[in-house]
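Architecture and fold: a report
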Amino acid sequence: MKDLLGLLAVWSIGLSGLSLLWGVWFIRRGKREAHHRAMLLATALAALFLVFYLAKWGLYGTTAYGGPEAWRGAYYFVLLTHTLLAALNGPLALYVIYRALRGEFALHKRWAKVLVPIWLYVALTGWVIYLVLKRYGVEPGGISF
Ligand code: HEM
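Procedures and definitions
Residues numbered from 1 in each chain as written. Predicted model: local features only at pLDDT ≥ 70, side-chain atom pairs only at ≥ 80, totals over all residues. Heavy atoms only, no water. Helix = DSSP H or I, 4+ residues; strand = E, 2+ residues; numbered from the N terminus. Buried < 20%, exposed > 50% of the residue type's maximum accessible area, 1.4 Å probe, protein only. Polar contact = N/O pair within 3.5 Å; in protein donor to acceptor, adjacent residues only side chain to side chain. Contact = heavy atoms within 4.5 Å. UniProt positions renumbered as here; feature names shortened; annotations may be inferred. Core = buried A, V, L, I, M, F, W, Y, C linked by side-chain atoms within 4.5 Å. Near = heavy atom within 4 Å. 1 Å grid on protein atoms, 1.4 Å probe; cavity = no way out; pocket = protein on both sides within 12 Å on 5 of 7 lines; lining within 4 Å. Sits in = over half its atoms within 2 Å of the grid points. Nonpolar A, V, L, I, M, F, W, Y, C, P; charged D, E, K, R; others polar. Expected span 1.5 Å × (residues − 1). Axes fitted to C-alpha atoms, helices over the stretch in contact; angles between N-to-C directions. Parallel < 35°, antiparallel > 145°, perpendicular 65-115°, else oblique. Left-handed = near helix turned anticlockwise from the far one by under 90°.

An unreviewed UniProt entry lists the protein chain under the name DUF420 domain-containing protein, from Thermus composti.

Looking now at the side chain of Ser 12. Examined against the element boundaries, Ser 12 turns out to sit in helix H1 (residues 2-28). On the basis of relative accessible area, Ser 12 is assigned to the buried category, the value being 5%. Only 3.0 Å separates the side chain of Ser 12 from the backbone oxygen of Ala 9, close enough to count as a polar contact. Beyond its immediate stretch of four places on either side in the chain, Ser 12 contacts Leu 45, Leu 48, Phe 49 and Phe 52.

The positions that UniProt labels "transmembrane region" (unreviewed entry) are, in the present scheme, residues 6-26, 38-55, 75-98 and 110-133. Helix makes up 100% of residues 75-98 and strand 0%, with an end-to-end C-alpha separation of 35 Å.

Attention now moves to the nonpolar core. Within the largest apolar cluster, 20 residues are counted, with the highest numbers of intra-cluster contacts made by Ile 13, Leu 20, Leu 115 and Trp 119. Mapped onto this core, the elements with two or more residues apiece are H1, helix H2 (32-60), helix H3 (72-101) and helix H4 (105-136). Of all the elements, H4 adds the most residues to this core, at 7 residues. Discounting chain neighbours no more than four positions away, the residues touching Leu 20 are Met 39, Ala 42, Val 116, Trp 119 and Leu 120.

The next thing to look at is the site of the ligand. Inspection of the region around the ligand gives 20 residues, with Arg 28, His 35, Met 39, His 108 and Ala 112 positioned closest. Between the ligand and Arg 28 there is a distance of 3.0 Å, counted from an oxygen atom to a side-chain nitrogen or oxygen. The contact in question runs from a nitrogen atom of the ligand to an N or O atom on the side chain of His 35, over 2.8 Å. At a threshold of 2 Å from the grid points, most atoms of the ligand map onto the second largest pocket. It is H4 that contributes the most residues to the shell around the ligand, 8 residues altogether. Grouping the amino acids of the shell around the ligand by side-chain chemistry returns 12 nonpolar, 4 polar and 4 charged.

Glancing now at H2. Counted at 1.5 Å a residue, the expected span for H2 with its 29 residues is 42 Å, and the 42 Å between its end C-alpha atoms agrees. The first or second residue beyond H2 is Gly 61, which carries a positive phi of 75°.

So, on to the packing of H1 against H2. Relative placement of two packed helices is described by the angle separating their axes and the distance separating the axes. Between H1 and H2, the least distance of the axes is 8 Å, while the angle of their chain directions is 160°. In terms of their interaxial angle, H1 and H2 are classed as roughly antiparallel. The interaxial crossing formed by H1 with H2 has left-handed handedness. Broken down by class, the residue content of the contact of H1 with H2 amounts to 24 nonpolar, 6 polar and 3 charged.

See below:
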């Protein structure tokens with residue numbers, strides 16, 4: 001169950017990032033309706049990620065880093081920036097969608113350009129953390145492979 005939740009979480013955040021890229025691609029070609037749908041899909045997938053991630057965290061707790069010491073600082077830097085930016089991503093996404101739904105596209109575009117790189121960073125580092133912990137994660141009771 002723990003592995004399944006981890007897998008569902010990492011796939012939903014990865015697909016959310018892909019859907020975000022599609023959304024940008026669509027709007028650059030003037031396809032507003034497709035942009036609208038792709039971005040709402042990206043948001044729904046990011047919300048699913050949160051559900052799976054919180055379920056895993058609530059049921060099984062966190063996994064510590066047990067890899068090479070030389071990488072520890074880099075790993076915690078990625079983990080910290082991922083967590084902080086993920087927390088910022090949610091409210092910022094709601095704000096950007098709200099502006100679009102009200103037809104305030106100048107504000108929508110301005111903040112969307114801040115949001116998109118943050119979202120992609122969170123999606124990419126989500127995978128990095130998942131893969132690092134799969135290889136070097138230490139469970140409370142021992143080492144996990
Ligand atoms: C989290 C969700 C969303 C994100 C991240 C997002 C992102 C973006 C970005 C980056 C642009 C500017 C593209 C460029 O000029 O290079 C843009 C433009 C636009 N978005 Fe969104 N968008 C989102 C949701 C929506 C929704 C729900 C709608 C529809 C209600 C929408 C409608 C538009 C429109 C009409 C434009 C073009 C505005 C213009 O050129 O004046 N977006 N969006």
